[in-house]
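# Reading the structure
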Amino acid sequence: MNERKSRFSSLSGIEIHRLYGPDDLKNWSPDRDLGRPGEFPYTRGIYPTMYRGRLWTMRQFAGFGTAEDTNRRFRYLLEHGQTGLSVAFDMPALMGLDADDPLARGEVGRCGVSISSLADMERLFDGIPLDQVTTSMTINGPAPVLFAMYLAVAEKQGIPFEKLGGTLQNDILKEYIAQKEWLFPPAPSLRLVTDVVAYCADRVPKWHPISISGYHIREAGSTAVQELAFTLYDGLTYVEAAVKAGLPVDRFAPRLSFFFNVHNDFFEEIAKFRAARRLWAREMERRYQPRDPRSLQLRCHAQTAGCSLTAQQPMNNVVRTTIQALAAVLGGTQSLHTNSMDETLALPTEEAVRLALRTQQIIAEESEVTNTVDPLGGSYYVETLTNQLEEEAQEYFRRLDAMGGMVAAIEQGFPQREILEASQRYQREIERRERVIVGVNGYVEQEERPIPILKIDPEVERLQVTRLAELRKARDPFKMAGAVASLQEAVAGGENIMPPLIEAVKAQATLGEICAALKEVLGTYREPVVL
Amino acid sequence: MANDLNGAPALAKRVREGQVRAVARLITLLERRTPEGHDALRLLQEDRPRSMVVGVTGYPGAGKSTVIDQLVAAYRRLGHRVGVLAIDMSSPVTGGALLGDRIRMQRQAMDPHVYIRSLATRGHQGGLAAVTSEAVLVLEAAGYDMILIETVGVGQGEVEIVKMAPTVVAVVAPGLGDEVQAMKAGLLEVAHIIVVNKGDHPEADRTVRELRDWHRTVLRVTATTGEGIPELIAAIAEHQRLCDLETVTTRGHPEDSAVMRG
Amino acid sequence: MTVTSPLRILIGKVGLDGHDRGVKLIARALRDAGMEVIYTGLHQTPEQVVSTAIQEDVDAIGLSVLSGAHMTLFRRVLELLKEQGADDIVVFGGGIVPNEDVLALKEAGVKALFGPGTPLEDIVRFVKELPRSR
């Protein structure tokens, strides 16, 4: 019988057969490979009841303009039923620069909120009691500094650190691999990550100190397999670093969390979540034999794929996001961000954000997919894909092991090159119309109907620059300089960075000043050229 | 802009004044082999200052560009005006080229006394672009008294650099046993100075030892931090001094050995 | 004896964001179309871009900005080119740029702006068809 194509393949290039049946699962054992939900190897989910017990957290990433602007957006989202906050910082903050740095020109408040000082952080959470919400902060290179500011705000609100819940992205390895927003070289950066992990284990026990992220790896053009493999391997690298620093695995592994992308290939994405849980449980068991079962459980946040959205016919993005969100739910995610339809044009408008949040609510309340745990478990197709993804990821693990680990692989440009090749393959498929993207290389409309977009007031930059000038004039310069010097000393001496960092932010040292001081101690990094 | 650069004499004059646009334009005209370019070059030949020329060669990934970046910074501190010609391979099929050597040198982009030009081989063999020797003349005329040439870096058959630069530095990464062996028959044989880069690599010691058994001047450098660069600068100066001595004693005419006798 | 030579194009990322997937794909596509691409890497300032473009005597500059700083950065590049008498160098770009800003930037002198999802072949065609004034 004729078929539409000579070869059918997943978005990641895995060849897909016409039909899957018992033969495909000959070597598969439900007891060994599937298990029960909430039990090893957690393929079906980390909780016995999954969404019958509790729905996922609907967590929309937000941030733009000044701290006041974002504070208003946060309150709006909380009023509309969102259950957790998620801070998007602007580019200068992500790079550890102050708003008045010459390199920050034109960037202030553009793709996130501008935060340069403790005063900004206080404004950001004004009127939001930090023990009533959980907060996710997407920050990596300067993560310890922003975290120190958050802790200082909590202290000022009179809330003990033990009551704080939330997540710090703090995943520096994927910056070298994909997102390219680093401050220091890999080895000292890894040490800062470990410092935060140790400090949280000690002082902020409900906090997730790292969100090991595949999202950006996928956005950089990787396949689902590469996303899975590099992310989990990054996770194992953090665990190894913490164990080497003397932390018992069960002290911190239960607080690790992951962050995955959800792209368009519905079943492949579902299989990716299932394979991720199984592979993590198996590797953690094999490498560290933890006593606490939570050390084996892969908890994750998911975000629909920004790179799948199109500027053409932007309303279509609502549909893409719905399909992706459903895949994340069927894959068993613990929390979810749905992208807004206008994000290839600008930061989302309130209207667009609300629609994205409503998408999740419709899946949760109306689709009835939440009634049973892992509804696709046992499907010949989904189980086969789950096996394939796990096997291919393990193959990457072997190659990374042979290279001497992730830091060595990054310095050789290995994951960077693999991702670049994958993204070029994908691009070529689109150019040749082997893959059709509606509105881009098929079903194209000549007239585009514009949609409303969010404008960032250029005044934001001027306001932030003025505020910083005032702050620098008003603070006690000796106290500030002393705190920064103590910080440098502590870091050079190998002490945990967090306590002196909290003192430095309280002494009104700015983000940029602190990061510049840390660069003096820890150095800077130039990536290998991969073209 | 065609107007203000029109005419070989005007162009030559502007190159002599060190105007960057004119230098860049003339190299382009020479690449295209235009009569105007050649006329300008002829005018510049008269009474041209002579520069120190250093070739830097080695396999891809050894860190040639990073070493050059450090050399540029060091020569700037010594007060030199520095010209860099960074050569990469053109695709034999499409004629296109992806010239990425500059990435490593971008911190020099704003220094008015540093000129960096990426050149594609455009079918020329031997590890250089056909225009290289002419580009060196242009840079000399424009007053860049220190010129660094980065060869393509495929390792094999890159011997043309020896005819163009009195001092050739080969950059080697540690731990490449087989490649180093292969290089001995080519690149390393013609090099005057061998630099083992990534000196903090665990294999660096061994590679330095092995090469020292075999070559007179082997230096260990960590280009990312700048360690070993002063020693490299000294070794280059020493080699150039020896070259000058040699020419004076054997030929009695220093200009003969200077450059571009290819 | 004059030979036709490949177009020389500077491709780089200005601003602070590190998303270099698109820009690398464009660099490769232009190379594959027979051009000489000078790739400058991440985090370039407008000053660096213009200085590099002049030293390399490029025909065009293609810049990617995804952080929302396009208005400031593109305008600055155009301004510097003009100051240096190098405004014959064509400037084009890509990134997340709202329509309104596209119009303003084109008015300011940016020759073309390519949004997300633009086929690479469109960009290659645009560069190939640039008038050869030099």
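Residues numbered from 1 in each chain as written. Chains lettered and ligands numbered in written order. Predicted model: local features only at pLDDT ≥ 70, side-chain atom pairs only at ≥ 80, totals over all residues.

## Brief notes about the overall build of chain A
Per the secondary structure count, chain A includes 20 helices and 10 strands. Over its C-alpha atoms, taken along the principal directions, chain A stretches across nearly 80 × 60 × 50 Å. Counting every position in chain A, which comprises 531 residues, the buried fraction comes to 53%. Long-range contacts, defined as pairs at least 24 residues apart, comprise 77% of the intrachain contacts of chain A with a sequence gap of at least 6. (Helix = DSSP H or I, 4+ residues; strand = E, 2+ residues; numbered from the N terminus. Buried ≥ 20, exposed ≤ 12 C-beta atoms within 10 Å, placed from the backbone. Contact = placed C-beta atoms within 7 Å.)

## With respect to the overall build of chain B
Each helix and strand counted, chain B has 11 helices and eight strands in total. Considering chain B as a whole, with its 262 residues, one finds that 51% of them fall into the buried category. Restricting the contact set of chain B to residue pairs at least 6 apart, pairs at least 24 apart contribute 71%.

## As for the sheet that holds strand E10 (residues 335-337) of chain A
All names here are of chain A. Ordered by their spatial adjacency, five strands build an open sheet running E1-E10-E9-E8-E7, and the pairing between neighbours is parallel. Bordering the open sheet on either side are strand E1 (57-58) and strand E7 (211-213), each of which pairs with just one other strand. As judged from the three bridges shared by E7 and strand E8 (residues 257-262), these two strands associate in the parallel manner. Its bridge partner lying in E8, Ser 211 is registered against Ser 257. (Pairing = 2+ DSSP bridges.)

## Focus: the domain arrangement of chain B
Accessible area lost upon the coming together of the parts is a frequently used measure of interface size. Residue and element names in this part refer to chain B. Assigned domains within chain B: domain 1 (1-47) and domain 2 (50-257). Facing 13 residues of domain 1, the contacting portion of domain 2 comprises 10 residues. Broken down by element, the side of domain 1 that touches domain 2 gets its largest block of residues, seven residues, from helix H2 (residues 20-31). Residues that form the side of domain 1 that touches domain 2 fall into these classes: nine nonpolar, two polar and two charged. (Domains from an automatic or database assignment. Nonpolar A, V, L, I, M, F, W, Y, C, P; charged D, E, K, R; others polar.)

## Describing the packing of helix H3 (residues 35-45) of chain B against helix H5 (residues 132-141) of chain B
Residues and elements named next belong to chain B. With their axes 10 Å apart at the nearest point, H3 and H5 run at an angle of 50 degrees to one another. With respect to each other, H3 and H5 are oriented oblique. Read as a crossing pair, H3 and H5 show a hand that is left-handed. On H5, the residues that touch Leu 41, Leu 44 and Gln 45 of H3 are Glu 134, Leu 137, Val 138 and Ala 141. Residues that form the contact of H3 with H5 fall into these classes: five nonpolar, one polar and one charged. (Axes fitted to C-alpha atoms, helices over the stretch in contact; angles between N-to-C directions. Parallel < 35°, antiparallel > 145°, perpendicular 65-115°, else oblique. Left-handed = near helix turned anticlockwise from the far one by under 90°.)

## Let's talk about the interface of chain C and chain B
Chain C puts 32 residues into the contact, and the matching count from chain B is 30 residues. With six residues, the single largest contributor to the side of chain C that touches chain B is helix H2 (residues 46-55) of chain C. Among the residues making up the side of chain C that touches chain B, the classes are represented as 12 nonpolar, 11 polar and nine charged. With three bridges joining them, strand E3 (residues 97-99) of chain B and strand E2 (residues 36-39) of chain C adopt parallel strand pairing. For B:Ala97, the partnering residue across the bridge sits in E2(C) and is C:Glu36.

## Description of the domain arrangement of chain A
All names here are of chain A. Split into domains, chain A comes out as domain 1 (22-431) and domain 2 (459-522). Relative placement of domain 1 and domain 2: their C-alpha centres are 29 Å apart. Every contact between the two is made by 32 residues of domain 1 and, on the other side, 22 residues of domain 2. At the level of secondary structure, the elements contributing two or more residues to the side of domain 1 that touches domain 2 comprise helix H4 (118-124), helix H5 (143-157) and helix H7 (186-203). Looking at the side of domain 1 that touches domain 2 residue by residue, the classes come out as 21 nonpolar, seven polar and four charged.

## Quick notes on the nonpolar core
In terms of nonpolar packing, the biggest core is built from 274 residues, with B:Val138, B:Leu148, B:Val195 and C:Val37 touching the most fellow members. With 11 residues, the single largest contributor to this core is helix H9 (residues 224-244) of chain A. (Core = buried A, V, L, I, M, F, W, Y, C linked by C-beta atoms within 7 Å.)

## Points about unusual backbone geometry
Residue A:Pro41 follows A:Phe40 across a cis peptide bond; omega there is 0 degrees. Examined against the element boundaries, A:Pro41 turns out to sit in the loop between helix H1 (30-34) and E1. Positive phi values are uncommon outside glycine, yet B:Arg33 reaches one of about 55 degrees. When you line up the elements, B:Arg33 lands in the loop between H2 and H3.

## Here we look at the sheet that holds strand E2 (residues 61-62) of chain A
Residue and element names in this part refer to chain A. Judged by pairing direction, the sheet is parallel, and its five strands sit side by side in the order E2-E3-E4-E5-E6 without closing on themselves. The open sheet has two edge strands with one neighbour each: E2 and strand E6 (207-208). Here four bridges tie strand E4 (residues 134-138) to strand E5 (residues 165-168), and the two strands are oriented parallel to one another. By the bridge assignment, Met 137 is partnered in E5 with Leu 168.

## Looking at the pairing of strand E5 (residues 146-150) of chain B
All names here are of chain B. For E5, the tally of buried residues reaches five of five residues, placing the bulk of the element in the interior. Alternating positions in E5 separate into two faces, Met 146, Leu 148 and Glu 150 on one and Ile 147 and Ile 149 on the other, with burial throughout. For strand E1 (residues 52-58) and E5, the ladder comprises five bridges, and the chain directions are parallel. Of the residues in E5, the one forming a bridge with Val 54 is Leu 148. With five bridges connecting them, strand E2 (residues 82-88) and E5 associate as parallel partners. Its bridge partner being in E5, Leu 85 is matched across the sheet by Ile 149.

## Digging into the packing of helix H11 (residues 266-288) of chain A against helix H12 (residues 316-330) of chain A
Residues and elements named next belong to chain A. It is at 8 Å that the axes of H11 and H12 come closest, and there the two elements cross at 35 degrees. Where H11 crosses over H12, the handedness of that crossing is right-handed. Seen from H11, the contacting residues are Phe 266, Glu 269 and Ile 270; seen from H12, they are Ile 323, Ala 327 and Leu 330. Each residue belonging to the contact of H11 with H12 can be placed in one class, and the counts come to five nonpolar, no polar and one charged.

## Some words on the environment of A:Glu269
All names here are of chain A. Among the structural elements, Glu 269 can be located in helix H11. Residue Glu 269 is classed as buried on the basis of its 30 C-beta neighbours within 10 Å. Sequence separation between Glu 269 and Ile 451 is 182 residues, and the spatial gap between their C-alpha atoms is 30 Å. Contacts of Glu 269, omitting those with residues within four sequence positions, involve Ala 224, Val 262, His 263, Ala 327 and Gly 331.

## Details of the environment of A:Trp28
Residues and elements named next belong to chain A. Following the sequence through the fold, Trp 28 ends up in the segment before H1. Under the C-beta neighbour-count criterion, Trp 28 is labelled partly exposed, with 15 such atoms within 10 Å. For the pair Trp 28 and Ala 104, spaced 76 residues apart in the sequence, the C-alpha separation amounts to 54 Å. For Trp 28, the residues in contact, after removing those within four places along its chain, are Asp 33, Glu 383 and Asn 387.

## Some words on the confidence of the model for chain B
Residues and elements named next belong to chain B. The predicted model of chain B averages 87 in pLDDT, with 87% of residues at 70 or higher. Note that pLDDT drops below 50 for residues 1-5; the model gives that stretch seven contacts with residues more than four away or on any other chain. Throughout residues 251-262 the model reports pLDDT below 50, and contacts reaching past four residues in sequence, or to other chains, amount to 22 contacts. Model confidence for the complex is summarised by a pTM of 0.92, with the ipTM given as 0.94. (pLDDT = per-residue confidence, 0-100.)

## Quick notes on helix H5 (residues 120-128) of chain C
Residues C:Leu120, C:Ile123 and C:Val127 constitute the buried set of H5(C). The arc that holds every buried residue of H5(C), seen down its axis, measures 65 degrees, which confines them to one face. More than 90 degrees from the buried face of H5(C), the exposed residues found are C:Glu121, C:Asp122, C:Arg125 and C:Lys128. Looking at the packing, one finds that the buried side of H5(C) touches helix H16 (414-431) of chain A together with strand E1 (8-13), helix H1 (21-32), strand E3 (60-65) and strand E5 (112-114) of chain C. (Arc of directions from axis to C-beta.)

## Some remarks on the pairing of strand E7 (residues 193-196) of chain B
Along any regular strand, the residues point their side chains to alternate faces of the sheet. Residue and element names in this part refer to chain B. Side chains Ile 193 and Val 195 of E7 all project onto a buried face; the interleaved residues Ile 194 and Val 196 project onto the opposite face, where all are buried too. Bridge analysis of strand E6 (residues 167-172) against E7 gives four bridges, and the strand direction is parallel. The residue of E7 that forms the bridge with Val 171 is Val 195. With helix H9 (residues 204-212) bridging E7 and the parallel strand E8 (residues 218-220), this β-α-β connection has right-handed handedness. (Right-handed = clockwise from strand over helix to strand, strands pointing away.)

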